[in-house]
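# Understanding the architecture of this molecule
One-letter residues, chain by chain:
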There are 2 protein chains.
Amino acid sequence: MTDAPLEIVSWTNEEGARFAPAMIGSGVFAGEFSLDYAYSRQDSEGVRLGDALRSIGYVGESPLGRRLYAAAFELHIEQGPILEAAAKSIGIVTGVQGIRWYDPTLLGSEAHAGPTPMELRRDPVRAALLLLGSVYQLADKYAPHARVTIGSLDARPGVRNTVPGSLTITVDLRHPDANILSAMDVDLKSIAALGNTATGVAVELHDVWYSPPVEFSPTCIDAVRTAVAQLGLDAMDMVSGAGHDSVYVSRVAPTSMIFIPCKDGLSHNERESIEPADASRGADVLLHAALAVANSTAAAAPGS
Amino acid sequence: MTDAPLEIVSWTNEEGARFAPAMIGSGVFAGEFSLDYAYSRQDSEGVRLGDALRSIGYVGESPLGRRLYAAAFELHIEQGPILEAAAKSIGIVTGVQGIRWYDPTLLGSEAHAGPTPMELRRDPVRAALLLLGSVYQLADKYAPHARVTIGSLDARPGVRNTVPGSLTITVDLRHPDANILSAMDVDLKSIAALGNTATGVAVELHDVWYSPPVEFSPTCIDAVRTAVAQLGLDAMDMVSGAGHDSVYVSRVAPTSMIFIPCKDGLSHNERESIEPADASRGADVLLHAALAVANSTAAAAPGS
């Protein structure tokens, strides 16, 4: 018997694979989405989420906003290679990285690969080489937590024997500290402006999306840290690079997360796998942390 | 009346827009393609070139190989910006660039943009930055005639929030001198090998195609040069960057080409245009060069 009740939650549609957006159950709980919005999401066949839930008996009846949690913990695989590389069993997750997305386009001039001398070209791919080197260097400048990813490059017309007229790339910048992520944003815009003046190619840089960093509750983080120590496990502090239900839950309740290793850091992949011993250690930490806060004074006054 | 007869030829299907490959008429004439092969080419509707020619009355009856030209000249727009930039009326074309095509692939490891630390990534896009800088530098090393074009980049899976697992690009190298083009080939392979050892990303480099450089006939080039001087025109020597019927014709007859400027270097574009005065000057040079060789001793002994 604990001082405060324990509740186990499996949030609806965390992944968003069938119904976009992801984390829709926790998002409704935290006020990010309305219930009507969530129920009206459709899958690729046109089936609505509300109808799909009704057909399997999972539309609940409790009104929104009645559950006030004194603390929330989420156990998850890391979805990355850090714990494995560091030979640690548990990640004490202190927050979630902020994300900024951009779609810079470099506008040059389409030209024949043969007749056009190099010095008369305005080649967006060659110009991009100068800029992208500086973009990747943001990861070094703001190491170790900064992440810089260029996932897609689209040269148009994309023909072998033609100097492209334009190149659009995607830039994904991440950092757990909002101030540093803002500094990376300023730096990226300086790099783009420099490209504009130095390369003969026009650089257009638009902001696509900003997801602010999340800092988890110190009380919950401490509860996890204490549980790890009680269990004698090898652990390390870390920041989640991916989104999770806890991002939304943390807006309305003190929250933190516990990570366990996954093989080769793989996730969203048929080769994703974990060891039973790691799952067991993670569940132990979750249990000890939850019991500790459920028996603390703070837990007796939810919403305080 | 000239010592040798003059003939004006309009080669079938130079462009290859409806029936691929391009330059099929001159290719059959020079022995590159068989007549059956040419006639059996189909357009996107399945119509065969032979039937299309028959339907408009353009299937000839002369057997192949009976025409022996003592000299051949081709007048063409430059399809590039060089004459315009140099304010010259005539290009004395001394040959056609050789071309080497490659499809290098950089094989890294697909990873999440968030959870994967920079130092644990094997990122083919970041690796490509190092290599492509060196590839473009081949144009400087073998300036002014070398051309280096990267027309297409394909990052897989090409998703904004994923470090790509692979990047395939196209490389188009050109030079009018076969030895230098071979040196560029050797250099490119060294760059790829260096990438293999230095980046943690495997670089696969395959040869896709080689079109050797063409050197036009000194006799024909001299005839053009003399005509230009007689007419008092501003001219410059140049090498064609694009393929032309003269590439095939030059295999069986002394050949050269004459270029005139085109606006902004544009070709294969609705904005392609030339000035009547330039067309007239080009035709004058063609006439004078053809008359000169038709009245020379060499022209009286075709095939010599």
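Just so it is clear, the structure is predicted and the values come from calculations on it, not from any experiment.

The subject of this paragraph is the overall build of chain A. Summing up its helical and strand segments, chain A has 9 helices and 15 strands in all. For chain A, the residues scored as buried account for 48% of the 304 residues in total. Across chain A, contacts joining residues at least 24 apart in sequence account for 74% of those joining residues at least 6 apart. When the accessible area of chain A is evaluated, it comes to approximately 14500 Å², of which 52% is carbon and sulfur surface. A distance of 5 Å separates the average location of the 22 positive side-chain charges in chain A from that of its 36 negative side-chain charges.

All names here are of chain A. A surface patch of nonpolar side chains, amounting to about 250 Å² of accessible area, comprises Leu6, Leu287 and Leu291. Following the sequence through the fold, leucine 287 ends up in helix α9 (residues 276-294). Since its relative accessible area comes to 43%, leucine 287 is described here as partly exposed.

What follows concerns the sheet that holds strand β9 (residues 166-169) of chain B. All names here are of chain B. The sheet built from 4 strands is open, its strands ordered β7-β9-β4-β11 with antiparallel pairing. The open sheet is flanked by β7 (153-156) and β11 (202-204), the only strands paired with a single partner. With direction set aside, neighbouring strand axes in the sheet form an average angle of 15°. Of the pairings in the sheet, the one linking strand β4 (residues 105-107) to β11 comprises 3 bridges and is antiparallel in character.

Scanning all chains against the criterion turns up 28 salt bridges over all chains. The partner of Asp103(A) in a salt bridge is Arg160(B), with the nearest N and O atoms 3.0 Å apart. Highlighted residues: Asp103(A) in the loop between β3 (98-102) and β4 (105-107) and Arg160(B) in the loop between β7 and β8 (162-163), drawn from two different chains. Two residues, Asp43(B) and Arg18(B), come together in a salt bridge whose shortest N-O distance is 2.9 Å. Of this pair, Asp43(B) sits in the loop between α2 (35-40) and α3 (49-55) while Arg18(B) is found in the segment before α1 (24-29), placing the two residues 25 residues apart along the sequence.

Residue and element names in this part refer to chain A. Counting buried residues in strand β10 (residues 171-175) gives 5 out of 5 residues, a clear majority hidden from the surface. By the alternation rule, side chains of β10 split into Val171, Leu173 and His175 and Asp172 and Arg174, which are all buried. Where β3 lies against β10, 5 bridges are found, and the strand directions are antiparallel. Residue pairing in the sheet places tryptophan 101 in a bridge with aspartate 172 of β10. When strand β6 (residues 147-149) meets β10, the two strands line up antiparallel, connected through 3 bridges. Bridged to threonine 149 within β10 is aspartate 172.

Residues and elements named next belong to chain A. Segmentation of chain A into domains returns domain 1 (24-97 + 213-300) and domain 2 (98-211). Counting from both sides, the interface comprises 6 residues of domain 1 and, opposite them, 11 residues of domain 2. For the pair domain 1 and domain 2, the summed buried area comes to about 610 Å², and 54% of that belongs to carbon and sulfur atoms. Considering only the surface of domain 1 that becomes buried against domain 2, Gln97, Pro213 and Val239 emerge as the three largest contributors, covering 81% of it. Counting the contacts that link domain 1 with domain 2 gives 0 salt bridges. Linking domain 1 with domain 2 are 1 residue pair in polar contact (both at pLDDT 80 or more), by the criterion used here. For the side of domain 1 that touches domain 2, the per-class residue count stands at 4 nonpolar, 2 polar and no charged.

Residues and elements named next belong to chain A. In the segment running from alanine 20 into proline 21, the intervening peptide bond is cis, with an omega of -5°. Here proline 21 is to be found in the segment before α1 (24-29). Cis geometry is found at the peptide bond from alanine 143 to proline 144, where omega equals 5°. Residue alanine 87 is not a glycine yet carries a positive backbone phi of 55°. By the element assignment, alanine 87 lies in the loop between α4 (82-86) and β2 (90-96).

Before going further, it helps to spend a moment on helix α7 (residues 218-231) of chain B. All names here are of chain B. For α7, with 14 residues, the first-to-last C-alpha span of 20 Å sits near the 20 Å given by 1.5 Å per residue. Here α7 has its buried residues at Cys220, Ile221, Ala223, Val224, Ala227 and Val228. The buried side chains of α7 occupy one side of the element, clustering within an arc of 160° when seen end-on. α7 presents Pro218, Thr219, Ala229 and Gln230 as exposed residues on the side facing more than 90 degrees away from its buried surface. In the core, the buried residues of α7 are packed alongside β1 (72-77), β2 (90-96), β14 (235-240), β15 (255-260) and α9 (276-294).

Below, the discussion takes up the nonpolar core. Counting 61 residues, the largest nonpolar core has Val148(A), Leu153(A), Val148(B) and Leu153(B) as its most contacted members. Residues contacting Leu153(A), with those up to four places away along its chain left out, are Leu167(A), Thr168(A), Ile169(A), Val125(B), Leu153(B), Ala155(B) and Leu167(B).

Attention now moves to the side chain of His244(B). All names here are of chain B. Relative to the elements of secondary structure, histidine 244 occurs in the loop between β14 and α8 (245-249). With relative accessibility at 1%, the residue histidine 244 sits in the buried group. Residues in contact with histidine 244, not counting those within four places in the same chain, are Glu14, Met23, Glu74, His76, Gln79, Met257 and Phe259.

Residues and elements named next belong to chain B. Structurally, the position occupied by alanine 235 is in strand β14. Taking the relative accessible area as the measure of exposure, alanine 235 reaches 23% and is therefore partly exposed. Each C-alpha atom of the pair alanine 235 and glycine 57 lies 40 Å from the other, and the pair is 178 residues apart in sequence. Setting aside its immediate chain neighbours within four residues, alanine 235 contacts Lys88, Ile90, Ile92 and Val228.

So, about the relation of the copies chain B and chain A. Mapping chain B onto chain A leaves a residual RMSD of 0.1 Å; the transformation is a rotation of 180° accompanied by 0.0 Å of translation along its axis. The relationship between the two copies is best expressed as a two-fold rotation axis. Comparing interface residues between copies, 100% of those in chain B also sit at the interface in chain A, which points to an isologous, same-surface contact.

Here the focus is the packing of helix α7 (residues 218-231) of chain A against α9(A). Residue and element names in this part refer to chain A. Between α7 and α9, the least distance of the axes is 8 Å, while the angle of their chain directions is 120°. One element, α7, and the other, α9, form an angle in the oblique class. Here α7 and α9 pass one another in a crossing that is right-handed. From α7, Ala223, Val224, Ala227, Val228, Gln230 and Leu231 reach across to α9, where they touch Asp284, Val285, His288, Ala289 and Val293. Its residues assigned to classes, the contact of α7 with α9 comprises 8 nonpolar, 2 polar and 1 charged.

Looking now at the interface of chain B and chain A. How big an interface is tends to be reported as the loss of accessible area on association of its parts. Facing 54 residues of chain B, the contacting portion of chain A comprises 54 residues. The junction of chain B with chain A conceals about 4200 Å² of combined surface from both sides, 62% of it contributed by carbon and sulfur atoms. Seen at the junction of chain B and chain A, the total is 4 salt bridges. Summed over the shared surface of chain B and chain A, the result is 14 residue pairs in polar contact (both at pLDDT 80 or more). Going through the elements one at a time, α4 (82-86), β3 (98-102), α5 (124-141), β6 (147-149), β7, β8 and β10 (171-175) of chain B are the ones with two or more residues in the side of chain B that touches chain A. At 9 residues, α5(B) tops the list of elements feeding residues into the side of chain B that touches chain A. Looking at the side of chain B that touches chain A, its residues break down into 26 nonpolar, 18 polar and 10 charged.

Definitions and cut-offs
- Residues numbered from 1 in each chain as written.
- Chains lettered and ligands numbered in written order.
- Predicted model: local features only at pLDDT ≥ 70, side-chain atom pairs only at ≥ 80, totals over all residues.
- Heavy atoms only, no water.
- Helix = DSSP H or I, 4+ residues; strand = E, 2+ residues; numbered from the N terminus.
- Buried < 20%, exposed > 50% of the residue type's maximum accessible area, 1.4 Å probe, protein only.
- Contact = heavy atoms within 4.5 Å.
- Areas by Shrake-Rupley, 256 points an atom, 1.4 Å probe, with all protein chains shown as cover.
- Lys, Arg positive; Asp, Glu negative; His and termini not counted.
- Charge placed at Lys NZ, Arg CZ, Asp CG, Glu CD.
- Patch = residues over 30% accessible without salt bridge, like charges linked within 9 Å, V, L, I, M, F, W, Y side chains within 5 Å.
- Salt bridge = Lys/Arg side-chain N within 4 Å of Asp/Glu carboxyl O.
- Pairing = 2+ DSSP bridges.
- Axes fitted to C-alpha atoms, helices over the stretch in contact; angles between N-to-C directions.
- Domains from an automatic or database assignment.
- Buried area = accessible area lost by both parts, 1.4 Å probe.
- Polar contact = N/O pair within 3.5 Å; in protein donor to acceptor, adjacent residues only side chain to side chain.
- Nonpolar A, V, L, I, M, F, W, Y, C, P; charged D, E, K, R; others polar.
- Expected span 1.5 Å × (residues − 1).
- Arc of directions from axis to C-beta.
- Core = buried A, V, L, I, M, F, W, Y, C linked by side-chain atoms within 4.5 Å.
- Least-squares fit on C-alpha atoms with pLDDT ≥ 70 in both.
- Parallel < 35°, antiparallel > 145°, perpendicular 65-115°, else oblique.
- Left-handed = near helix turned anticlockwise from the far one by under 90°.

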